[in-house]
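# Descriptive structure summary
Letter by letter, the chains look like this.
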Amino acid sequence: MSSVQEILGAFYDSSIFVYGLTLIIVYGVLAFLSIIAIRRYLNATQQSQLESLVTSPLAPGISILAPAYNEGLTIIANVRSLLTLNYPKFEIVLINDGSTDDSLEQLIQEFDMVAVDFAYNEKIRTKPVRNIYKSRNLAYSNLLVIDKANGKSKADAVNAGINAAAFDYFVCTDVDCVLHKDTLLELIKPVMQDGDRRVIAIGATLRIANSSEFDEGVMTRMRPPKAMLPRFQEVEYIRSFVLGKMGWSAMNCVPNVSGGLGLFDREIVIKSGGYDHKSFGEDMELLTRMCRYCEDNKIRYAVRYIPKTLCWTEGPASLQVFGRQRTRWARGLAQLMFAHRGVFLNPRYGRLGLVVFPYNFFFELLAPLVEASGVIVYLWLAFTGNVNWPYAILLLIFVYTYAIMITTFSILWDQLSFHYYKTVKEVLSLCIMPFLEFLLYHPLITFYSLKGYFFFLTNRRSSWGNMQRQGFKKAKTTT
Amino acid sequence: METTLSDILQEIRSIYYYAPLAIKIAIIFIFIAVTATVLAYLVMLRSRYRNFRQNRLLRKMLPIMDDLLINEIITNPNIPQDVVPSKVALNLEPFDALPLHRRWAREMLTARIIHYRNNVSGSAGDLLRNLYLQLDLDKDAMRKLKSRHWNRKVEALTEFTLMDMPISDVTILPLANSRNRELRAAARQAYIKLSKNEPFKFFDSVTDPLLPWDQVELFRIITTTTDIAIPNFARWITYSSNKSVVSFCMKLVVHFNQLAAVPAIIRLLENRDHVLRADAIEALGRLKIAEVEDKLVHLYTSQPLFCQIAILKALGRIRSGRHIDFLRNEFLHSTDFDLRKAAARAIVKNEVMARGVIDELLSTTTGENLLILKHCMNPLIKY
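None of the values given here were measured: they were computed from a predicted structure. (Residues numbered from 1 in each chain as written. Chains lettered and ligands numbered in written order. Predicted model: local features only at pLDDT ≥ 70, side-chain atom pairs only at ≥ 80, totals over all residues.)

## A few points about the overall build of chain B
The helix and strand tally for chain B stands at 20 helices and zero strands. In summary, chain B has a C-alpha radius of gyration of 32 Å against a globular reference of 21 Å for 383 residues, an excess of more than 25%. Its C-alpha atoms give chain B principal-axis dimensions of about 105 × 80 × 40 Å. Buried residues in chain B amount to 32% of all 383 residues. Within chain B, counting contacts between residues at least 6 apart in sequence, those at least 24 apart form 65% of the total. (Helix = DSSP H or I, 4+ residues; strand = E, 2+ residues; numbered from the N terminus. Rg over C-alpha atoms; globule rule 2.2 N^0.38 Å. Buried ≥ 20, exposed ≤ 12 C-beta atoms within 10 Å, placed from the backbone. Contact = placed C-beta atoms within 7 Å.)

So this is what it looks like as structure tokens:
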């Protein structure tokens, strides 16, 4: 019996060792590739060319899809912000997903909108569309409002927007997100620059907006969040987008384009069936289906990321809302891996099957389970007096210092490339977070992930929940 | 007993020596991680300091440079008006106040000269270019052009293009065929803008696709540069084997309304490539070539969907009213939503001639078709 225990123990030890070492190498490779990708992006970016596109008749049209549910508090300012985007040919499709507040009435009044006979082609099935509105004011001629029955998901609302969109490309964003004025110019660039592959989706870096200043929906002063929880999220976003996504982008293995901001090829999205309204991670699920569609139909495709911050979103400031968000994300990941299990290690799906899925399975899906099992084993060994404390502490220091190094690198890449924050103090306030993340933030993420998996396994009913927005800080006006 | 640093190091060495592999790796990584993190912070602080210093210099130098450029060059009444601006011997003495022996100062001044050149017209622009030459600021760009780094070469080409500085064909043509996409694009843009001989020469030799992104800048340069002779683009539409060049030339034909190139475009309607065919149909529609309508209608049934949509759009743009029945038929009987919508829009665009048909359709059609028609007739709906 004890020999079985020893064999199991040795197997566990070696598995964890290989697992940890692989993860460390993967992060190292991502850090290396991301800096190359960022340098390449910076070298290839000429502001003059972006300006040429603004006045060019050759610019492809883009539809901006912004689903809204009970966003009456900020909806007018947010639409005004979208209207200021710098691009020659775009439309805004705002989808009022059966709001129970006065969002629609506000829109009708503010933008002088009337119901029109709109030829709505339901290429993707959605909840019924009640009415479609256009503005009588020429200044808002590129604004379209869809009023539909509540579909209980963002996916259903966006699908309605895809059906009504006029152009070949659409940008999906949340109506509460604040976009950089050059967002459309930046996002369309990789599509127009790739001669070898069809670029089916492009994402950009998102940031937490909580302590930044905004004026009429335009970001005027970028600050790291003052509150602890949003600041942890800011650091996490920097690591995820600037280091992670850029590294994956260099390998054409981007696993996900964030729901907060992404540009998509409309034809491929429609042929892939649109967003899945049953999914809890609808953005990642859609991208997986788009990639599968391309692989199945032998389309040489690419998914790209750009390191520049183009979108600011309000991060959850309370533990309750944060927990709900992360539980949903984890559940979405589990759902996705199960639904597309045929892709896992399937050479037919190229990089999607051999890189993206295995990475997501081993290092995203399994990571919380491995960590939880590690803690249990650790406690058991400590209880039975089988811990070699000097070695255990050394291993803990190793994991701790490595995690700090990787996060610090991502902050460094961000700082070297963009200089977003005005003062050293602000940068330092971010630099402190990697030291605390391991002890305070990471255990929370692990807990909510396990909760999400539990909900997935028990098929627990759960709602989208309200984000409980606090609104953005207004820029100080000088008199 | 007192513990010294060497004792601690000795202890670590002994732990390392007797430790299992996993622990040895961990110890190495701890050292790497700590060192790399400290270095990262130092680099971050250095970068912030450099940025701060640069901003301070900018704040200090920019008003001085702006004053000099405005008072000594742009609005200086002492500059002779009867001499060609490029030949005027400028008074460079006031510019001695600038630390032009420093590269950053030269780069800053060049950027300001470019900025002002973009915002002034006539002789002031030429005077600024003259100043740029007399201060030998072009030498930095020349050095950059010889750099091993492609991005430095791109910077130099952009500077020369903005300053209208001629570059010899021998220097620029190899760059126009460079393996690096960015450099290739910048060299082609510079060549079109600066070459005094045959600015469109590279169209003959280009084998790789002209990417849509590069086309935007080329289009801007070709359509806004005043002193280049615009050739007949039919030459490339007919003979180029590069589809992107053919497609791009059709866009230029439309922009310059080059009716002489129409026969070459019509010949493309027989091309095997349906993307090129769709581009040709679109170009003919935009040029409003009524003579080609019969041919388009004749081709219609044999085309893929997006060429069919292009044909319907072209009939809408030409607005001759000669094919209303064809459009009506497509609107009523096509099974594809997009085709019906394109047909309806074309009928509405032919409104003057199709008034009767529109009234008839409004009174007889129901359901989705009626909705499509009303959609296309509503002036509030653009697309």
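## Things to note about the overall build of chain A
In terms of helices and strands, chain A carries 15 helices and 13 strands. For chain A, whose C-alpha radius of gyration is 23 Å, the value lies close to the compact-globule estimate of 23 Å for 479 residues. Dimensions of chain A, computed from C-alpha atoms along their principal axes, come out at roughly 80 × 55 × 45 Å. Looking at the 479 residues of chain A, the share that counts as buried comes to 46%. In chain A, the proportion of contacts linking residues at least 24 apart, taken out of those at least 6 apart, comes to 79%.

## Concerning the interface of chain B and chain A
The interface of chain B with chain A comprises 41 residues on the first partner and 41 residues on the second. For the side of chain B that touches chain A, the elements supplying multiple residues, two or more each, are helix 2 (21-74), helix 6 (150-162), helix 10 (212-224), helix 18 (337-349) and helix 20 (367-377) of chain B. The element that contributes the greatest number of residues to the side of chain B that touches chain A is helix 2 of chain B, accounting for 17 residues. Grouping the constituent residues of the side of chain B that touches chain A by class yields 25 nonpolar, eight polar and eight charged. (Nonpolar A, V, L, I, M, F, W, Y, C, P; charged D, E, K, R; others polar.)

## Comments concerning the sheet that holds strand 8 (residues 198-208) of chain A
Residues and elements named next belong to chain A. In space, the ten strands of this open sheet follow the order 3-4-5-2-1-6-11-8-12-7, with mixed pairing throughout. Of all strands in the sheet, those with a lone pairing partner are strand 3 (113-116) and strand 7 (178-179), marking the two edges. Where strand 1 (residues 62-68) and strand 6 (residues 169-173) come together, four bridges link them in parallel fashion. In the strand pairing of strand 6, Ile64 is matched with Val171. Most of the contacts of helix 3 (residues 75-83) go to strand 2 (residues 90-97), to which it runs at about 160°, and overall it touches strand 1, strand 2, strand 5 (143-148) and strand 7. In the packing of helix 7 (residues 228-250) onto the sheet, the strands contacted are strand 8 and strand 12 (301-313), and the crossing angle to strand 8 comes to about 155°. (Pairing = 2+ DSSP bridges. Axes fitted to C-alpha atoms, helices over the stretch in contact; angles between N-to-C directions.)

## Some details on the environment of Leu184 of chain A
All names here are of chain A. Tracing the backbone through its elements, the reader meets Leu184 in helix 6 (residues 183-193). Spatially, the C-alpha atom of Leu184 lies 9.6 Å from that of Pro88, the residues being 96 residues apart in sequence. For Leu184, the contacting residues outside a window of four places in its chain are Ile62, Leu85, Tyr87, Phe90 and Val171.

## Quick word on helix 11 (residues 350-365) of chain A
Residues and elements named next belong to chain A. Of all bends in helix 11, the biggest is about 30°, found at Phe357, and the proline Pro358 comes one to four residues later. Listed in full, the buried residues belonging to helix 11 are Leu352, Gly353, Val356, Phe357, Asn360 and Leu365. Where the residues of helix 11 are buried, they touch helix 9 (282-296) and helix 10 (319-339). (Bend = angle between axes of the 7 residues up to and from the residue.)

## What about the nonpolar core?
Core analysis: the biggest nonpolar cluster contains 215 residues, and Leu65 and Val93 of chain A together with Ile237, Cys249 and Ile265 of chain B have the highest contact counts within it. Ranked by residue count, the leading element in this core is helix 7 of chain A, at eleven residues. Not counting chain neighbours up to four residues away, the residues in contact with Ile265 of chain B comprise Ile237, Met250, Val253, Ala280, Ala283 and Leu284 of chain B. (Core = buried A, V, L, I, M, F, W, Y, C linked by C-beta atoms within 7 Å.)

## Structural notes on the pairing of strand 1 of chain A
Residues and elements named next belong to chain A. Counted residue by residue, strand 1 has seven buried out of seven residues, so it is predominantly covered. Residues Ile62, Ile64, Ala66 and Ala68 point to one face of strand 1 and Ser63, Leu65 and Pro67 to the other, with burial holding for every one of them. Strand direction decides the pairing type here: strand 1 and strand 2, joined by seven bridges, are parallel. In the strand pairing of strand 2, Ile62 is matched with Phe90. Chirality of the crossover, the property in question, places the unit of strand 1, helix 3 and strand 2 among those that are right-handed. (Right-handed = clockwise from strand over helix to strand, strands pointing away.)

## Here we look at helix 19 (residues 351-364) of chain B
Approximately 35° is the largest bend angle found in helix 19 of chain B, and it occurs at Val357 of chain B. Taken across its 14 residues, helix 19 of chain B has one buried, putting it largely on the surface.

## Structural notes on the packing of helix 7 (residues 169-176) of chain B against helix 8 (residues 181-194) of chain B
All names here are of chain B. Axis separation between helix 7 and helix 8 bottoms out at 7 Å; the angle between their running directions is 140°. In terms of axis orientation, helix 7 runs oblique to helix 8. For the pair helix 7 and helix 8, the crossing hand works out as left-handed. Residues Ile172, Leu175 and Ala176 of helix 7 form the contact with helix 8, whose participating residues are Leu183, Arg184, Ala187, Arg188, Ala190 and Tyr191. When the residues that make up the contact of helix 7 with helix 8 are grouped by side-chain class, the tally is seven nonpolar, no polar and two charged. (Parallel < 35°, antiparallel > 145°, perpendicular 65-115°, else oblique. Left-handed = near helix turned anticlockwise from the far one by under 90°.)

## Regarding the pairing of strand 6 of chain A
Residue and element names in this part refer to chain A. Of all the five residues making up strand 6, five are buried; the element is thus mostly covered by neighbouring parts of the structure. Sheet topology note: the strand 6/strand 11 (residues 261-265) ladder contains five bridges and is antiparallel. Paired with Thr173 across the two strands is Leu261, which belongs to strand 11.

## Some remarks on the confidence of the model for chain B
Overall, the prediction assigns chain B a mean pLDDT of 90, with 99% of residues at 70 or greater. The ipTM assigned to the predicted complex is 0.86, against a pTM of 0.90. (pLDDT = per-residue confidence, 0-100.)

## With respect to the environment of Met228 of chain A
Along the chain, the position of Met228 of chain A falls in helix 7. Residue Met228 of chain A is classed as partly exposed on the basis of its 13 C-beta neighbours within 10 Å.

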